[in-house]
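Structural overview
Given next are the chains, with one letter for each unit.
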Amino acid sequence: MKAFGFLSFGHYGSRGSEAHGAADMIRQAVDLGVGADELGVNGAYFRVHHFAPQQAAPVPLLSAIAARTKRIEVGTGVIDMRYENPLYLAEELAALDIISAGRIAIGVSRGSPEPALRGYEAFGYTGSADPRGADLAREHFGLFLKAIDGEGIAPADPRQAPAGTLLRVEPHSPGLRERLWWGSGSRPTAEWAGRMGLNLMSSTLLTEATGVPFHELQREQIDLYREAYRAAGHTRPPRVSVSRSIFPITTSRDAMYFGMRSEADQIGVIDGYQSTFGKTYAAEPDDLVQQLRADSAVMAADTVMLTIPNQLGVEYNLHILESFAKHVAPDLGWRPNTEGPVHGEPLD
């Protein structure tokens with residue numbers, strides 16, 4: 001582990017939450033990103049959920065954070081490609097990449113289950129033959145890749161350009177593809193991401209259950225990804241991130257909120273798949289260091305995303321990040337953002 005950031009789901013409006021509505025949630029997210037940058041935290045990442053009282057429009061938020069910070073990476077975990085216009089997303093992310101001077105880590109994928117039934121159809125994206133819309137997500141992603149790579153997309157008006165000219169999407173930001181991550185929930189999709197030359201983003205659940213501990217299954221996923229990446233001939237050191245719920249217990253308030261939260265991995269069903277859910281880590285710092293050193297996926301990844309309870313407000317969440325930065329992360333190999341951008345592990 002070289003780096004860590006926070007991953008916010010952007011919840012708002014629930015009972016007792018300090019984010020009473022969307023305005024509170026968004027403004028607090030910006031303040032949290034600015035505060036995290038000052039602490040040396042490496043990344044500010046946000047989940048994207050539609051038709052729910054959560055973060056749903058990440059690019060304006062990430063642009064606001066990028067404009068007010070100097071070093072922190074801003075990103076998503078993940079944008080649901082079923083809901084996206086590929087060419088408009090390419091324009092938006094190129095602009096964000098330029099605003100941030102390349103400080104982005106944009107996770108995309110098919111996305112997670114949403115409250116709406118085939119909600120992407122309400123956005124105007126129909127014709128999927130897959131009940132979960134995976135084919136639609138891959139189709140959108142393929143066109144999106146062509147756009148950010150600068151390929152010609154739209155025929156030019158022959159009155160304004162030579163016949164046969166194809167226009168690319170503008171603005172174009174060279175190198176944007178290197179800052180794309182695929183949010184993978186299984187070993188096969190991780191191998192696909194490796195073959196595509198994308199970075200890998202793996203969360204606190206996998207849509208597989210093989211009987212081994214979650215971290216071992218996720219480590220296997222990472223190893224298969226890196227093998228596929230290498231076999232496909234890619235040479236750029238790839239980035240790999242994993243998400244974890246980690247809470248250092250350093251105050252009585254921490255103990256009140258999370259003192260009884262440590263738990264074992266769980267097996268359940270999500271979106272029709274038998275899935276493995278990673279456990280929550282909550283302990284005093286010395287114990288956390290030992291537990292996380294034994295987490296093979298955490299130690300194999302270059303970046304760990306800490307899921308945070310954004311409903312508890314900016315001050316408390318900055319306390320969680322500061323506690324992890326001071327008392328846990330240095331013993332795991334962390335390098336603060338003042339030491340420069342994060343790079344992936346070199347390929348053997």
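The structure we're discussing is the one just above.
For the structure given in this document, a descriptive report is provided here. (Residues numbered from 1 in each chain as written. Predicted model: local features only at pLDDT ≥ 70, side-chain atom pairs only at ≥ 80, totals over all residues. Heavy atoms only, no water.)

**Overview of the overall build of the protein**
Heads up, the rule is: Here a strand is any run of E in DSSP of at least two residues, a helix any run of H or I of at least four, and the numbering for each starts at the N terminus. For the radius of gyration, the atom set is restricted to C-alpha positions; the globular benchmark scales as 2.2 Å times the number of residues to the power 0.38. Each residue gets one of three labels from its accessible area relative to the maximum for its type: buried under 20%, exposed over 50%, partly exposed in between, using a 1.4 Å probe on protein chains only. Note on contacts: a residue pair is in contact if any heavy atoms of the two residues lie within 4.5 Å. Every accessible area reported is derived by Shrake-Rupley at a probe size of 1.4 Å, with residue values counting cover from the shown protein chains alone. In this tally, Asp and Glu contribute negative charge and Lys and Arg positive charge; neither His nor the terminal groups of the chain are included. Charge positions come from single atoms, namely NZ of Lys, CZ of Arg, CG of Asp or CD of Glu.
Each helix and strand in the protein was counted, giving eleven helices and 14 strands. The C-alpha atoms of the protein give a radius of gyration of 20 Å, which matches the 20 Å a tight globule of 348 residues would have. Dimensions of the protein, computed from C-alpha atoms along their principal axes, come out at roughly 70 × 45 × 40 Å. Classification of the 348 residues of the protein by burial places 52% in the buried group. Look at the contacts in the protein between residues 6 or more apart in sequence, and 74% of them connect residues 24 or more apart. Total accessible area on the protein stands at roughly 15,200 Å², and carbon and sulfur atoms take up 52% of it. Looking at the protein, you have 32 positive and 42 negative side-chain charges, and the mean spots of the two groups are 2 Å apart.

**Quick look at a negative patch on the surface**
Convention followed: Like-charged residues within 9 Å of one another, or nonpolar side chains (Val, Leu, Ile, Met, Phe, Trp, Tyr) within 5 Å, are grouped into patches, provided each residue has over 30% relative accessible area and no salt bridge. Here, a salt bridge means any side-chain nitrogen of Lys or Arg that lies within 4 Å of a carboxyl oxygen of Asp or Glu.
Negative charge collects at one region of the surface, where Glu-284, Asp-286, Asp-287 and Asp-331 lie side by side. Structurally, Asp-331 is set in the segment after helix H11 (314-327).

**Remarks on the environment of Pro-60**
Examined against the element boundaries, Pro-60 turns out to sit in helix H2 (residues 58-68). A sequence separation of 32 residues divides Pro-60 from Glu-92, and the C-alpha atoms of the two residues are 9.1 Å apart.

**Structural notes on the side chain of Asp-254**
Defined as follows: For the purposes of these results, a polar contact is taken to be a pair of N or O atoms within 3.5 Å, where, inside protein, one atom must be able to donate a hydrogen and its partner to accept one; residues adjacent in sequence count only when each atom of the pair is a side-chain atom.
In this fold, Asp-254 is placed in helix H8 (residues 252-258). From its side chain, Asp-254 meets the backbone nitrogen of Thr-250 in a polar contact 2.9 Å long. At 2.6 Å, the side chain of Asp-254 forms a polar contact with the side chain of Tyr-316.

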